[in-house]
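What follows is the residue order along each chain.
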Amino acid sequence: MAHAGVALDYLQRIRVSWGDNEFGQGPIGRAIRSGSPFAVNDTLTDPAFSPWREAAEKNGYRSVIALPLRVDGKALGVLAIYAREPDVFGAQQLELLSETAADLAYGIATIRLRADHEKAQASLVKLAFHDTLTDLPNRAALNQRLSELLARSRDRNLPFALLELDVNRLRDFNEAFGYGEGDLLLHKLAQRLRSAVADGDMVARIGEDEFGILLPGCDASRAQEVENRILQYLEEPFEINNLVIDVRTTTGIALFPEHGDSVDLLFRRANKAMYEAKQKGADYLLFDGGEDQDCARRLMLVGELRRAVESPPQLLLYGQPKIDLRTGKASSAELLMRWQHPVRGMIAPGEFIPLAERTGLIKPLTYWALEAGMSHAHALLQKGLDVRSRSIFPSATCTIPSCWNGSTSSAKPGAWPPKKSSWN
């Protein structure tokens, strides 16, 4: 590994072995096998040195010592020192050189350990930020790059685009042909995506069948140009083990700063645009903020509706009279639900009933309406008004009349029929 003070030609020509054979009986072979220093005080007379005597005599070497470099009880190498005079390596020299060999072994072991540690660290970093299947960066790497790009772009107001690309029907392909073929398809698809973008752009695999594409310095127009180029690269079918596969993708595009100024927000909005594109059957769509705001409003209403069901004074039942055409008098009433929101004002059933049906709140809402309606009907009957339950509930829709105070346990209905101004 290293040498000094000797002719390199000598070291290259001599045959040395640490096996128990003819070329392993010299000081080097014995030192490695035994783990202890071994010296030859006269290369011209020592029979163990006969294989190398001629070369040593030619180069003027008369004595040699070999000191094993030991780490954790094992020899990882040997330090060999040649001298021009015989009988150079006595007890004093042996003690000093043994300490030197120990220090050298420790240094070599430390360097090896550091190199192994650096190699392990590099492997961990690669595993943490690399997708082994496609040989692309993974989501963590894209998040890191996106965070760095956000920090630079905020100060300089530089635009960029984030694309989320979904491979359509990959699960069906895997189930039909196997995951091995699906992996090959993803690998080839990743190569085409990488070829379709510029060197400064980043393509990463962020999910089982999803890819993220980061386009620095890119506005809406260029983002769509890149997406159209990607679609062109994917037009040619893929050949996988004699299978010809036509791949279709759907992409959502989010822009900085128009659509968000954080990693999470840009990902969510690119994902939103991608799913909207799927619903519309489009190849790609740019994020539309209007629908995102509507979605946020609906989510807020769901939580507020849950609290409204648990605190019924916000819910109202309005009475809608049913007139007997023969007498011109109100013979019954239909109760219609309304939500008197403390901040948003009156919310019609057409907005909150579908939310209740989708979120499971329709059941407690129905129970509340039935209990409130029955309680009011009972109170009317006690006052002598012959309004039968079958007339009170001629349809599936129930709400509190305007004279109802919203409480089912301590309801105090007003006079029947209420004043004309109180009907809705």
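## Focus on helix H11 (residues 349-359)
Alright, step 1. Every buried residue of H11 is listed here: Phe352, Leu355 and Ala356. Along the axis of H11, the buried residues cluster in a sector spanning 100 degrees; they form a single face. Facing away from the buried surface of H11 by more than 90 degrees, the exposed residues are Gly350, Glu357 and Arg358.
Alright, step 2. Of the residues flanking the end of H11, it is glycine 360, one or two places downstream, whose phi is positive at about 85 degrees.

## Here we look at empty space enclosed by the protein
Alright, step 1. Following the criterion strictly, the structure yields one cavity of 30 Å³ or more and no others.
Alright, step 2. Of the volumes computed, that of the largest cavity is approximately 90 Å³.
Alright, step 3. Lining the largest cavity are Ile14, Val16, Ser17, Phe23, Gly26, Pro27, Ile28, Gly29, Phe49, Trp52, Val64 and Tyr82.
Alright, step 4. By residue number, the principal contributor to the lining of the largest cavity is helix H2 (residues 27-34), which donates three residues.
Alright, step 5. Taken together, the residues of the lining of the largest cavity break down into nine nonpolar, three polar and no charged.

## Let's talk about the packing of aromatic side chains
Alright, step 1. Across all of its chains, the model carries five aromatic pairs by this definition.
Alright, step 2. Look at phenylalanine 173 and phenylalanine 177: their rings are 5.0 Å apart centre to centre, the planes differ by 45 degrees, and that puts the pair in the tilted class. Of this pair, phenylalanine 173 and phenylalanine 177 both sit in helix H6 (residues 170-177), separated by four residues, roughly a single helical turn.
Alright, step 3. With a centroid separation of 5.7 Å and 85 degrees between ring planes, the pair formed by tryptophan 339 and phenylalanine 352 is classed as edge-to-face. Taken together, the residues tryptophan 339 in strand S14 (residues 329-341) and phenylalanine 352 in helix H11 connect sequence positions 13 residues apart. Assigned by exposure class, tryptophan 339 and phenylalanine 352 land together as buried.
Alright, step 4. Sitting above the plane of the phenylalanine 23 ring, arginine 15 keeps its charged end 4.2 Å from the centroid.
Alright, step 5. Between arginine 139 and the ring centre of phenylalanine 267, over which it is positioned, the NZ or CZ distance is 4.8 Å.

## So, the pairing of strand S3 (residues 74-83)
Alright, step 1. Sheet analysis places strand S2 (residues 63-71) next to S3, joined by nine bridges and oriented antiparallel. Its bridge partner being in S3, valine 64 is matched across the sheet by tyrosine 82.
Alright, step 2. Connecting the antiparallel pair S2 and S3 is a turn made up of two residues, with aspartate 72 showing a positive phi of about 55 degrees.

## What to know about the sheet that holds strand S11 (residues 249-256)
Alright, step 1. With mixed pairing, the five strands of this open sheet are ordered in space as S7-S8-S6-S11-S12. On the outer flanks of this sheet lie strand S7 (202-205) and strand S12 (284-286), each paired with one strand and no other. Going across the sheet, the axis of each strand differs from the next one's by a mean of 20 degrees, ignoring polarity.
Alright, step 2. As paired elements, S11 and S12 share three bridges and run parallel to each other. Opposite isoleucine 253, over in S12, you have leucine 286 as the bridge partner.
Alright, step 3. Packing against the sheet, helix H9 (residues 263-280) makes contact with strand S6 (160-167), strand S8 (210-216), S11 and S12, and its axis sits at approximately 145 degrees to S11.

## A short note on the nonpolar core
Alright, step 1. Leu185, Phe211, Leu215, Ile230 and Phe238 are the most contacted members of the largest nonpolar core, which totals 31 residues.
Alright, step 2. If you list the elements that add at least two residues to this core, you get S6, H6, helix H7 (179-196), S8, helix H8 (220-233), strand S9 (238-240) and S11.
Alright, step 3. Top element by residues in this core is H7. It accounts for six residues.
Alright, step 4. Not counting the four nearest positions on each side in its chain, phenylalanine 238 is found in contact with Leu185, Lys188, Leu189, Arg192, Leu243, Val244, Ile245 and Val247.

## Some details on the pattern of salt bridges
For side chains of opposite charge, pairing can occur when their charged atoms come near one another.
Alright, step 1. Summed over the entire model, instances satisfying the criterion amount to 11 salt bridges.
Alright, step 2. The residue arginine 205 makes a salt bridge to aspartate 131 at a minimum N-O spacing of 3.3 Å. With a gap of 74 residues between them, arginine 205 in strand S7 and aspartate 131 in strand S4 (residues 130-131) connect regions that are remote in the sequence. Taken as a pair, arginine 205 and aspartate 131 share a single burial class, namely buried.

## A few points about the pairing of S6
Alright, step 1. Extensive coverage of S6 is indicated by the burial of eight of its eight residues.
Alright, step 2. What you see with S6 is no split at all: Phe160, Leu162, Glu164 and Asp166 on one side and Ala161, Leu163, Leu165 and Val167 on the other are buried throughout.

## Points about helix H12 (residues 362-382)
Alright, step 1. Here H12 is 21 residues long and its end C-alpha atoms lie 30 Å apart, about the 30 Å a rise of 1.5 Å per residue gives.
Alright, step 2. Within the sequence span of H12, burial applies to Leu365, Trp368, Ala369, Ala372, Gly373, His376, Ala377, Ala379 and Leu380. Projected down its long axis, H12 shows its buried positions confined to an angular sector of 160 degrees, all on one face. Turned more than 90 degrees away from the buried face of H12, the exposed residues are Lys363, Tyr367 and Gln382.

## As for the packing of helix H5 (residues 139-156) against H9
Alright, step 1. Their axes nearest at 10 Å, the elements H5 and H9 cross at an angle of 115 degrees. As H5 runs across H9, the sense of the crossing is right-handed. Across from Arg139, Leu142, Asn143, Leu146, Ser147 and Leu150 in H5, the residues of H9 making contact are Val263, Leu266 and Phe267.
Alright, step 2. Across the contact of H5 with H9, the residue classes break down as six nonpolar, two polar and one charged.

Rules and cut-offs
Residues numbered from 1 in each chain as written. Predicted model: local features only at pLDDT ≥ 70, side-chain atom pairs only at ≥ 80, totals over all residues. Heavy atoms only, no water. Buried < 20%, exposed > 50% of the residue type's maximum accessible area, 1.4 Å probe, protein only. Helix = DSSP H or I, 4+ residues; strand = E, 2+ residues; numbered from the N terminus. Arc of directions from axis to C-beta. 1 Å grid on protein atoms, 1.4 Å probe; cavity = no way out; pocket = protein on both sides within 12 Å on 5 of 7 lines; lining within 4 Å. Points joined across faces, edges and corners; volume = space filled by probe spheres on them. Nonpolar A, V, L, I, M, F, W, Y, C, P; charged D, E, K, R; others polar. Phe/Tyr/Trp six-rings, centres within 6.5 Å; stacked < 30°, edge-to-face > 60°. Lys NZ or Arg CZ within 6 Å of the ring centre and 35° of its normal. Pairing = 2+ DSSP bridges. Axes fitted to C-alpha atoms, helices over the stretch in contact; angles between N-to-C directions. Contact = heavy atoms within 4.5 Å. Core = buried A, V, L, I, M, F, W, Y, C linked by side-chain atoms within 4.5 Å. Salt bridge = Lys/Arg side-chain N within 4 Å of Asp/Glu carboxyl O. Expected span 1.5 Å × (residues − 1). Left-handed = near helix turned anticlockwise from the far one by under 90°.

Everything listed here is a matter of geometry and, on its own, says nothing about what the molecule does.
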